[in-house]
Amino acid sequence: MKMQNAIEAKLNDAFSASILQVENESHKHSVPPNSETHFKVTMVSPAFAGQMKVRRHQAIYKVLSEELEMAGGVHALALHLYSPEEWEASGQVAPSSPNCMGGSKVDSQSAASDVKHQNGGLS
């Protein structure tokens with residue numbers, strides 16, 4: 001089963017969500033094509049009413065512990081968790097994800113190589 005499908009299935013089973021959106025944002029990061037390592041979850045559930053954000057996040061981490069702990073599993077998980085009332089007050093829009101600011105090991109090796117060539121072999 002694909003990672004995104006597993007996340008959706010587990011969250012659907014664990015929460016009575018009126019809205020559940022799981023977006024694979026891996027393509028925005030320095031990972032191989034078709035990766036499933038970076039996800040954004042937007043969920044609206046009455047289970048979140050009266051809960052602090054940290055408790056909501058802990059509940060998600062518990063449900064997705066296998067996906068978060070496995071080698072090659074989920075590397076990043078952006079969580080936007082709302083009670084129905086909070087969702088209404090938010091204008092029913094989750095925040096956009098920022099662009100990836102990081103690089104990969106290949107990028108840093110290329111940059112080091114470029115500096116070496118620019119300095120005539122001296123770095």
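What you see is a predicted model; the values in this text were computed from it and never measured.

K.L.:
Would you explain the confidence of the model for the chain in this entry?
P.N.:
Should pLDDT be low for a region, the predicted coordinates there are not to be read in detail. Scored by pLDDT, the chain has a mean of 79; 69% of the residues are at 70 or more. By mean pLDDT, helix α5 (residues 105–118) is the weakest element of the chain at 42, and helix α2 (residues 53–63) is the strongest at 96.

K.L.:
I'm lost on the pattern of salt bridges in this one. Help?
P.N.:
Pairs can form between side chains of opposite charge once their charged atoms are near each other. Following the criterion strictly, the structure yields three salt bridges and no others. The salt bridge partner of Glu67 is Lys10, with a shortest N-O separation of 3.0 Å. Residue Glu67 is found in helix α3 (residues 65–69), and its partner Lys10 is found in helix α1 (residues 3–14); the two are separated by 57 residues along the sequence. For Lys10, a relative accessible area of 26% gives the class partly exposed. Linking Arg56 and Glu86 is a salt bridge whose minimum nitrogen-to-oxygen distance equals 2.7 Å.

K.L.:
Please clarify how the nonpolar core should be interpreted in this entry.
P.N.:
Side chains of nonpolar character tend, in soluble globular proteins, to be buried together. In this structure, Ile7, Leu11, Phe39, Val41, Met43, Ile60 and Leu77 are the most contacted members of the largest nonpolar core, which totals 15 residues. Going through the elements one at a time, α1, β2 (38–44) and β3 (76–82) are the ones with two or more residues in this core. Here Phe39 is in contact with Met3, Gln4, Ile7, Val22, Glu23, Asn24, Glu25, Val74, Ala76, Leu77 and Ala78, once residues within four sequence places are set aside.

About the cut-offs
Residues numbered from 1 in each chain as written. Predicted model: local features only at pLDDT ≥ 70, side-chain atom pairs only at ≥ 80, totals over all residues. Heavy atoms only, no water. pLDDT = per-residue confidence, 0-100. Helix = DSSP H or I, 4+ residues; strand = E, 2+ residues; numbered from the N terminus. Salt bridge = Lys/Arg side-chain N within 4 Å of Asp/Glu carboxyl O. Buried < 20%, exposed > 50% of the residue type's maximum accessible area, 1.4 Å probe, protein only. Core = buried A, V, L, I, M, F, W, Y, C linked by side-chain atoms within 4.5 Å. Contact = heavy atoms within 4.5 Å.

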